[in-house]
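What follows is the residue order along each chain.
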Amino acid sequence: MSNVTFHGNPVQVGGQFPQVGSQAPAFKLVAGDLSEKALADFAGKRKVLNIFPSIDTGVCQASVRHFNKDAAALDNAAVLCISADLPFAQGRFCGAEGISNVTMLSTMRGREFLKDYGVAIETSPLAGLAARAVLVLDENNKILHAQMVPEIGQEPDYAAALAALG
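The rules behind the values
Residues numbered from 1 in each chain as written. Predicted model: local features only at pLDDT ≥ 70, side-chain atom pairs only at ≥ 80, totals over all residues. Heavy atoms only, no water. Helix = DSSP H or I, 4+ residues; strand = E, 2+ residues; numbered from the N terminus. Rg over C-alpha atoms; globule rule 2.2 N^0.38 Å. Buried < 20%, exposed > 50% of the residue type's maximum accessible area, 1.4 Å probe, protein only. Contact = heavy atoms within 4.5 Å. Polar contact = N/O pair within 3.5 Å; in protein donor to acceptor, adjacent residues only side chain to side chain. Expected span 1.5 Å × (residues − 1). Pairing = 2+ DSSP bridges. Arc of directions from axis to C-beta. Core = buried A, V, L, I, M, F, W, Y, C linked by side-chain atoms within 4.5 Å. Phe/Tyr/Trp six-rings, centres within 6.5 Å; stacked < 30°, edge-to-face > 60°.

Quick notes on the overall build of the chain
Looking only at helices and strands, the chain has four helices and 10 strands in total. Going residue by residue from the N terminus, the α and β elements of the chain occur as β-β-β-β-β-α-β-α-β-α-β-β-β-α. Here the C-alpha radius of gyration of the chain, 14 Å, is about what a compact globule of 166 residues would show, namely 15 Å. With 166 residues in all, the chain has 49% of them scored as buried. Relative to all contacts within the chain whose residues are 6 or more apart in sequence, the contacts with residues 24 or more apart total 67%.

Next comes the structure, spelled out in structure tokens:
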């Protein structure tokens, strides 16, 4: 279990956050067209998993915008933006913002992702959502970079995540 803060208040986060060098757990999440997308669907590519509570907050939106801009320049890498938002809300945001270089995924039918990846917020008004985290995986889903952002209201370390891609 991890402990992070939200506006300075302690938040318990359940599950075991993956460590650098370990294998990323398999998952199936929901894509914008309501189909299932699995980690295996991105086989052979490096992956950035941008995990956050909700696209309806400024910091979460900033992270999606930032990774969308960075993703345009990445070779053989996919950026997966993962939250509990319904695919309809994710799609509205991406459409309004012109976001097209990332894959938005919802935990609506993949709630086990939260525990499997150690990002399940268990206490605070955000209980049931994902804590803010970034993982970078190689082509074989080995974790190259892992950051659990200590304060949910802060942006992740984009430069460190992108540097891990090599």
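Moving on from the coordinates now.
Things to note about the side chain of Asn68
With respect to the secondary-structure elements, Asn68 resides in helix α1 (residues 58–71). A polar contact is formed between the side chain of Asn68 and the backbone nitrogen of Asn101, at a distance of 2.7 Å. Excluding residues within four positions of it along the chain, Asn68 makes contact with Gly98, Ile99, Ser100, Asn101 and Val102.

Describing α1
For α1, with 14 residues, the first-to-last C-alpha span of 20 Å sits near the 20 Å given by 1.5 Å per residue. Buried residues of α1: Cys60, Gln61, Ser63, Val64, Phe67, Asn68, Asp70 and Ala71, and no others. Tucked inside the fold, the buried residues of α1 contact β5 (46–51), β6 (77–83), α2 (87–97), β7 (103–106), β9 (133–137) and α4 (158–164).

Concerning the pairing of β7
Relative to β7, β6 runs parallel, the two sharing four bridges. Its bridge partner being in β7, Leu80 is matched across the sheet by Thr103.

Quick look at α2
The set of residues buried in α2 consists of Pro87, Ala89, Gln90, Phe93 and Cys94. Down the axis of α2, the sector holding all buried residues measures 165°, keeping them to one side. Projecting away from the buried face of α2 at angles above 90 degrees are the exposed residues Arg92, Gly95 and Ala96. Buried residues belonging to α2 abut β3 (28–30), α1, β6 and β7. Among the residues trailing α2, Gly98 stands out with phi positive, at a value near 70°.

Notes on the environment of Lys45
Looking at where Lys45 falls in the secondary structure, it is placed in the loop between β4 (36–38) and β5. When residues no more than four places from it in sequence are discounted, the contact partners of Lys45 are Asn76, Ala78, Asp138 and Glu139.

Remarks on the nonpolar core
Judged by nonpolar contacts, the single largest core of 31 residues is most densely connected at Phe27, Leu49, Ile51, Phe113, Tyr117 and Val119. At the level of secondary structure, the elements contributing two or more residues to this core comprise β2 (9–14), β5, β6, α3 (112–116), β8 (120–121), β9 and β10 (143–148). Every residue in contact with Phe113, bar those within four places of it in the chain, is listed here: Phe27, Leu29, Ile51, Ile82, Thr107 and Val119. Counting residues in each nonpolar core, the second largest holds 20 residues, with Val48, Ala71, Phe93 and Ile99 among its members.

Overview of the packing of aromatic side chains
Under the counting rule described, the total for this entry stands at four aromatic pairs. Note on Phe27 and Tyr117: the rings are 5.9 Å apart at their centroids and 70° apart in plane angle, and the pair reads as edge-to-face. Placement of the pair is Phe27 in the loop between β2 and β3 and Tyr117 in the loop between α3 and β8, with a sequence separation of 90 residues. For the residue pair Phe27 and Tyr117, the accessibility class agrees, reading buried in each case. Centroid distance Phe67 to Tyr158: 5.2 Å. Interplanar angle 70°. Geometry classified as edge-to-face. Highlighted residues: Phe67 in helix α1 and Tyr158 in helix α4, separated in sequence by 91 residues. Among the aromatic residues, those joined into a cluster by ring pairs are Phe27, Phe113 and Tyr117.

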